[in-house]
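Residue-level listing of the chains:
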Amino acid sequence: MWRLRRAAVACEVCQSLVKHSSGMKGSLPLQKLHLVSRSIYHLHHPALKLQRPQLRTSFQQFSSLTNLPLCKLKLSPIKYGYQPRRYFWPARLAARLLKLRYLILGSAVGGGYTAKKTFDQWKDMIPDLSDYKWIVPDIVWEIDEYIDFGHKLVSEVIGASDLLLLLGSPGETAFRATDHGSESDKHYRKGLLGELILLQQQIQEHEEEARRATGQYNTSYVQQKRKVSDKEKIDQLQEELLHTQLKYQRILERLEKENKELRKLVLQKDDKGIHHRKLKKSLIDMYSEVLDVLSDYDASYNTQDHLPRVVVVGDQSAGKTSVLEMIAQARIFPRGSGEMMTRSPVKVTLSEGPHHVALFKDSSREFDLTKEEDLAALRHEIELRMRKNVKEGCTVSPETISLNVKGPGLQRMVLVDLPGVISTVTSGMAPDTKETIFSISKAYMQNPNAIILCIQDGSVDAERSIVTDLVSQMDPHGRRTIFVLTKVDLAEKNVTSPSRIQQIIEGKLFPMKALGYFAVVTGKGNSSESIEAIREYEEEFFQNSKLLKTSMLKAHQVTTRNLSLAVSDCFWKMVRESVEQQADSFKATRFNLETEWKNNYPRLRELDRNELFEKAKNEILDEVISLSQVTPKHWEEILQQSLWERVSTHVIENIYLPAAQTMNSGTFNTTVDIKLKQWTDKQLPNKAVEVAWETLQEEFSRFMTEPKGKEHDDIFDKLKEAVKEESIKRHKWNDFAEDSLRVIQHNALEDRSISDKQQWDAAIYFMEEALQARLQDTENAIENMIGPDWKKRWLYWKNRTQEQCVHNETKNELEKMLKCNEEHPAYLASDEITTVRKNLESRGVAVDPGLIKDTWHQVYRRHFLKTALNHCNLCRRGFYYYQRHFVDSELECNDVVLFWRIQRMLAITANTLRQQLTNTEVRRLEKNVKEVLEDFAEDSEKKVKLLTGKRVQLAEDLKKVREIQEKLDAFIEALHQEK
């Protein structure tokens, strides 16, 4: 009976071993079972065959602690078959259990269990710190997701005590280190596992009873001690957490630095074309382009966009620019001591790139921000652009300066630095400076999707702040405002109550509300400090600051690094939420504009201002080229006529009339030659050039302004007129033209030989026309002097004035004198003047000598011109006498020869000027026109002024809206791909 029960127990042990064995499948062969079980029970097994297996004389050394060698076991010979054993087997089992290896193994099991219980007890004594989770920055929890510190710690502790062998599965882990042993050794060790586990459970039960007995005594003492030490432990934990946060901050900085270097290498490889692919525009660059186009659209057409950007506002000298420089990681802005430096908004687009550089939107020059000379040049350029934007009589300007900053590790966002808000206008400022700054700030902040970065100076009293009230008005609920307290190092030194800083950061001191509150340090006030030095000083300050140690400030609310991360996250969140809505609004606007164009201008193409300018430019250049197609005959005719109109008065009054008063032909010719020489040397060439230039202007204007029929577009008229005036203003005739022209005119006037009768008749005709024109002018002058004659007085009911009556009486008296002496000289003698005056006084007309002289000049001029015309008729048959040099003839026609010389000089001068026009001046004018058009093309204000009208504005709106929509669609597509 005893044997059957023992065999059943042994069989159950074997079955359990077979079930839990991970390395064996199917039934276990009889020969591989435990020796005791096989000898007692399995002789009755039907599969048993009494065979004598090969005897194993030795076993391989093994232990559950693999490093401990064991002695070889000596086994007595085994007899197969049923042989009852008379030995005392419990004694043999106890002897095996009491061996050194099992004592060590049992001690390890018990010690491990005791260590686990002690650890759990200490863990229960530590207070619950879940309420203090905010002390650890968010980045630590993010890192903890990827780094399992707890698992590594437990593994190291268990590995140190060699308990890892016992914490695994019974059939796999406990004996994993001995897989290289023999199969019989492995299963022999597995048979002992149940016994070891039973021994461990007994030890645990005894320890648990002893702990319960002593626990009741120690409970009250432990509770008392726990209460006393809670505060100390909290302080200690806060200190440890602060050091942990700084440790992880340094680790994060190191990783970011390594990441920055790696990204820089990758981007440099892309720039060098190693991958032979074209890089796409970055997401932030695409977004910045959209904002630039919208900015131009708003400025021109007074519309507003609702796309997000980070608007940096604050009181003057509050540290706005310094915060922005810390985010951009470069000292890029001009700085001054207390004076206003930001005079216009500066839009800064931050993006990643292989090199730390900056460039303006309208310039291709890159400023290397790692070089001090480039930084100084960039600051100087920004200051020049600000001063250029500020109009005369103003202090600030709403015009935006667009700057792109690229560099490895920069947070992608768009920031706008605004002029600092002031409370008082000082000397040197425009009277409306304060209101202008307020209006600029409100214009940017009233965008419902703009993120307001409110900068407050922590070193001054909070009650002196102006910007907080302004921000509260624009964002009363604080849904898009981030508050930044600067100069915290000075605030900690100067503020008597540190809790005041805590109230500011918690949003309890100011009436404004905000999404987040941050405290930063932007240097020691030295403008020569580098960004790295400022960052090190900031980290050192917060590491030693009482504000952080006493939990007045939270770890994630300090440093510009955390601020930059928070602002970037908020910016992109706002972009993703609003950009599609903005795109939909522009689609609706585009549809409305296209419908309006189709209804108003169905047969015209949608040409914007630049396209219209190009069309007008081509028309103007075609018209300039048309000048070269004017015939030489036309040029010479208009030049000759214009030149005579300009010099005829001088020829008649200063040359012909004085010479005609002489008594003989010799004196006449001498007088004419002298006066012609003087005229040619001093006046004639200059007059000729003036006439030519005016003629060119007139022809150019005629081509520019004459209508082109149905193809004429009056929208270009203002532009053409402006181009014409500016081109004429810039054009200057060749200086050497007068010198060459003087020689030609002098030679022409020296010639007196009339070759044929045709030229003689032409000279007489030219002379008659000139004299007739002068006579008509003289008749008009006399009529104005004496008033209407009797016919006009009767027909038109006009009367003479008293002065006209005096002039009429004087004229009649002088005409009587001329009738008496038709060859009277041109000047009246004094006695003649006296005689005329007395004769008039005898008739009751009082006159003065000056009136008599003036009247005589016109009367004698008319008499002389009539006499000259009569002489001209006599000279029509005088060509024969001219050929004989008027020998044996009373007829002298020297005046005809004079007019022939003048006429020939005019023809030669016109021909010379025509050659200069067509060969030189027309081309120079065309060049000037091209330069003017190029200048106008670069001047946007000029184009807006010259190309105006509903049609232009509508086409311009359509172009801008389409461009904005296309860029928004491309940006949204890229944004979705990045998600």
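What you see is a predicted model; the values in this text were computed from it and never measured. (Residues numbered from 1 in each chain as written. Predicted model: local features only at pLDDT ≥ 70, side-chain atom pairs only at ≥ 80, totals over all residues. Heavy atoms only, no water.)

Topic: the UniProt feature "coiled-coil region" (unreviewed entry) in the protein
Then step 1. Per the UniProt record, "coiled-coil region" (unreviewed entry) is found at residues 189-272 and 915-942.
Then step 2. Between the C-alpha atoms that bound residues 915-942 there is a distance of 35 Å. The span itself is 96% helix and 0% strand. (UniProt positions renumbered as here; feature names shortened; annotations may be inferred. Helix = DSSP H or I, 4+ residues; strand = E, 2+ residues; numbered from the N terminus.)

Points about the packing of aromatic side chains
Then step 1. Scanning the model with the defined rule gives 14 aromatic pairs in all.
Then step 2. With 5.1 Å between their ring centres and 70° between their planes, Phe-541 and Phe-542 make a pair best called edge-to-face. Like Phe-541, the residue Phe-542 is buried in the burial classification.
Then step 3. Plain terms: the ring middles of Phe-571 and Trp-572 are 5.2 Å apart, the flat faces sit at 75° to each other, and that makes the pair edge-to-face. The residues Phe-571 and Trp-572 share a single accessibility class, namely buried.
Then step 4. An aromatic cluster is defined as three or more aromatic residues linked by ring pairs; in this entry it consists of Trp-644, Tyr-656, Phe-766, Trp-856, Tyr-860, Phe-864 and Phe-899.
Then step 5. We note Arg-385 situated over the ring of Phe-360; from NZ or CZ to the ring centre the distance is 4.0 Å.
Then step 6. Positioned above the aromatic ring of Phe-613, the side-chain terminus of Lys-943 is 5.7 Å from the ring centre. (Phe/Tyr/Trp six-rings, centres within 6.5 Å; stacked < 30°, edge-to-face > 60°. Buried < 20%, exposed > 50% of the residue type's maximum accessible area, 1.4 Å probe, protein only. Lys NZ or Arg CZ within 6 Å of the ring centre and 35° of its normal.)

Brief notes about the sheet that holds strand 1 (residues 310-314)
Then step 1. Taken in spatial order, the 9 strands line up as 4-3-5-2-6-1-7-8-9 in an open sheet, and their pairing is mixed. Strands at the two margins of the open sheet, each flanked by one partner only, are strand 4 (367-368) and strand 9 (516-519).
Then step 2. Along the sheet, helix 10 (residues 320-328) contacts strand 1, strand 2 (346-351), strand 5 (401-406), strand 6 (413-417), strand 7 (451-457) and strand 8 (481-486); its crossing angle with strand 6, the most-contacted strand, is approximately 160°. (Pairing = 2+ DSSP bridges. Contact = heavy atoms within 4.5 Å. Axes fitted to C-alpha atoms, helices over the stretch in contact; angles between N-to-C directions.)

Some points on the environment of Asp-848
Then step 1. Mapped onto the elements, Asp-848 comes out in the loop between helix 28 (830-842) and helix 29 (849-874).
Then step 2. At 3.0 Å, the side chain of Asp-848 and the backbone nitrogen of Leu-851 are in polar contact. (Polar contact = N/O pair within 3.5 Å; in protein donor to acceptor, adjacent residues only side chain to side chain.)

Details of helix 16 (residues 531-544)
Then step 1. Taking 1.5 Å as the rise per residue, helix 16 with 14 residues should run 20 Å; its terminal C-alpha atoms sit 20 Å apart, in good agreement.
Then step 2. The set of residues buried in helix 16 consists of Ile-531, Ile-534, Arg-535, Tyr-537, Glu-538, Phe-541 and Phe-542. One side of helix 16 holds all its buried residues, which, seen down the axis, span an arc of 165°. (Expected span 1.5 Å × (residues − 1). Arc of directions from axis to C-beta.)

Comments concerning the pattern of salt bridges
Then step 1. The tally for this structure, following the rule as stated, stands at 39 salt bridges.
Then step 2. With its nearest N and O atoms 3.3 Å apart, the salt bridge here joins Glu-383 to Arg-387. A residue pair is termed a helical-turn pair when its members lie 3 or 4 positions apart in one helix, as Glu-383 and Arg-387 do in helix 11 (residues 372-389) at 4 residues.
Then step 3. On the basis of relative accessible area, Glu-383 is assigned to the partly exposed category, the value being 26%.
Then step 4. Asp-457 serves as the salt-bridge partner of Lys-487, at 3.3 Å between the closest nitrogen and oxygen. Pair noted here: Lys-487 is in the loop between strand 8 and helix 14 (488-494) and Asp-457 is in strand 7, with a separation of 30 residues, a long-range link.
Then step 5. What makes Lys-487 partly exposed here is its relative accessible area of 23%.
Then step 6. According to the relative accessible area criterion, Asp-457 is buried, its value standing at 10%.
Then step 7. Several salt bridges converge on common partners, so that one network encompasses Arg-590, Glu-594, Glu-606 and Arg-962. (Salt bridge = Lys/Arg side-chain N within 4 Å of Asp/Glu carboxyl O.)

Thoughts on the packing of helix 25 (residues 757-786) against helix 29
Then step 1. Where helix 25 meets helix 29, the axes come as close as 9 Å, and the angle between the chain directions of the two elements is 155°. For the element pair helix 25 / helix 29, the angle class is roughly antiparallel. As helix 25 packs across helix 29, the resulting crossing turns out to be left-handed. The segment helix 25 lies against helix 29, with Ile-764, Met-767, Glu-768, Leu-771, Gln-772, Arg-774, Leu-775, Thr-778, Glu-779, Ala-781, Ile-782 and Met-785 engaging Asp-854, Thr-855, Gln-858, Val-859, Arg-861, Arg-862, Leu-865, Lys-866, Ala-868, Leu-869, Cys-872 and Asn-873.
Then step 2. Residues belonging to the contact of helix 25 with helix 29 are distributed by class as follows: 12 nonpolar, 5 polar and 7 charged. (Parallel < 35°, antiparallel > 145°, perpendicular 65-115°, else oblique. Left-handed = near helix turned anticlockwise from the far one by under 90°. Nonpolar A, V, L, I, M, F, W, Y, C, P; charged D, E, K, R; others polar.)

Here's the deal with the state of the cysteines
Then step 1. Counted according to the given criterion, the structure contains 1 disulfide.
Then step 2. Cys-875 shares a disulfide with Cys-893; S-S distance 2.1 Å. Since a negative S-S torsion denotes a left-handed disulfide, the Cys-875-Cys-893 link at about -100° is left-handed. With Cys-875 in the loop between helix 29 and helix 30 (879-883) and Cys-893 in the loop between helix 30 and helix 31 (894-938), this pair connects stretches of sequence that are 18 residues apart. As far as burial versus exposure is concerned, Cys-875 and Cys-893 are alike and both buried.
Then step 3. We note that Cys-872 lacks a disulfide partner, and the nearest cysteine sulfur, in Cys-875, lies 6.6 Å from it. (Disulfide = S-S within 2.5 Å.)

Some thoughts on the packing of helix 22 (residues 684-705) against helix 24 (residues 736-750)
Then step 1. Running from amino to carboxyl end, helix 22 crosses helix 24 at an angle of 115°, the nearest separation of the two axes being 9 Å. What the angle tells us is that helix 22 and helix 24 run roughly perpendicular. When the axes of helix 22 and helix 24 are compared, the crossing they make is right-handed. Seen from helix 22, the contacting residues are Leu-684, Pro-685, Asn-686, Ala-688 and Val-689; seen from helix 24, they are Glu-738, Leu-741, Arg-742, Gln-745 and Leu-749.
Then step 2. Broken down by class, the residue content of the contact of helix 22 with helix 24 amounts to 6 nonpolar, 2 polar and 2 charged.

Some points on a negative patch on the surface
Then step 1. A contiguous patch of negative charge on the surface is contributed by Glu-399, Glu-931, Glu-934, Glu-938, Asp-939 and Glu-941.
Then step 2. By residue number, the principal contributor to the negative patch is helix 31, which donates 3 residues.
Then step 3. Tracing the backbone shows Asp-939 in the loop between helix 31 and helix 32 (940-946).
Then step 4. Exposure remark for Asp-939: the relative accessible area of 31% places this residue in the partly exposed category. (Patch = residues over 30% accessible without salt bridge, like charges linked within 9 Å, V, L, I, M, F, W, Y side chains within 5 Å. Areas by Shrake-Rupley, 256 points an atom, 1.4 Å probe, with all protein chains shown as cover. Lys, Arg positive; Asp, Glu negative; His and termini not counted. Charge placed at Lys NZ, Arg CZ, Asp CG, Glu CD.)

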